[in-house]
Amino acid sequence: MEYAIVGLDSEKFSDDGKSGAIVIDSHGRVAALLTGGAKSKEFGGRDVTYAIPFHWILQRLKARFPDIMLYPTT
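Criteria and thresholds
Residues numbered from 1 in each chain as written. Predicted model: local features only at pLDDT ≥ 70, side-chain atom pairs only at ≥ 80, totals over all residues. Heavy atoms only, no water. Core = buried A, V, L, I, M, F, W, Y, C linked by side-chain atoms within 4.5 Å. Buried < 20%, exposed > 50% of the residue type's maximum accessible area, 1.4 Å probe, protein only. Contact = heavy atoms within 4.5 Å. Pairing = 2+ DSSP bridges. Helix = DSSP H or I, 4+ residues; strand = E, 2+ residues; numbered from the N terminus. Patch = residues over 30% accessible without salt bridge, like charges linked within 9 Å, V, L, I, M, F, W, Y side chains within 5 Å. Areas by Shrake-Rupley, 256 points an atom, 1.4 Å probe, with all protein chains shown as cover. Salt bridge = Lys/Arg side-chain N within 4 Å of Asp/Glu carboxyl O. Arc of directions from axis to C-beta.

Which residues make up the nonpolar core, and what are the values?
Membership of the largest hydrophobic core is limited to five residues, which are Ile5, Val23, Ala32, Leu34 and Ala51. Those residues in contact with Ala32, other than ones at most four positions away along the chain, are Tyr3, Ala21, Ile22, Val23, Ala51, Ile52, Pro53 and Phe54.

Here's what the structure looks like:
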């Protein structure tokens, strides 16, 4: 499962070497983990960045490590 993120106008959303970066939503919350990008014919040759939704990663981490705590809950 991945998000496809297309930059506004001709702007790139990410640059080379940014894989593993955290993507933040408009509320300042962790939304996804950046995995890569490429030019896409489907988007008129514009750069597309791909990211794995953080909720998907967190679900799998909690299933494998039930006592994991990545951030304080209080």
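Which residues make up the pairing of strand β3 (residues 30-39), and what values do they have?
Here strand β2 (residues 22-24) runs beside β3; their pairing, made up of three bridges, is antiparallel. When the sheet's bridge partners are listed, Ile22 is paired in β3 with Leu33. Here β2 folds back onto β3 in antiparallel fashion, the turn holding five residues, of which Gly28 has a positive phi close to 80°. Pairing geometry for β3 and strand β4 (residues 47-53), over seven bridges, is antiparallel. Within β4, the residue paired with Ala38 across the bridge is Val48.

An account of a nonpolar patch on the surface is needed here, citing residue identities and associated values.
A surface patch of nonpolar side chains, about 250 Å² in accessible area, is lined by Ile22, Ile24 and Val30. By the element assignment, Val30 lies in strand β3. The partly exposed category is assigned to Val30, whose relative accessible area is 40%.

How would you explain helix α1 (residues 54-64) if you had to name every residue and give the values?
It helps to recall that an α-helix has 3.6 residues per turn; residues three or four apart then point in one direction. If you check which residues of α1 are buried, you get Phe54, Ile57 and Leu58. All buried residues of α1 lie within an arc of 95° about the axis, which places them on one face of the element. Turned more than 90 degrees away from the buried face of α1 sit Gln59 and Ala63, all of them exposed. In this structure, the buried side of α1 is in contact with β3 and β4.

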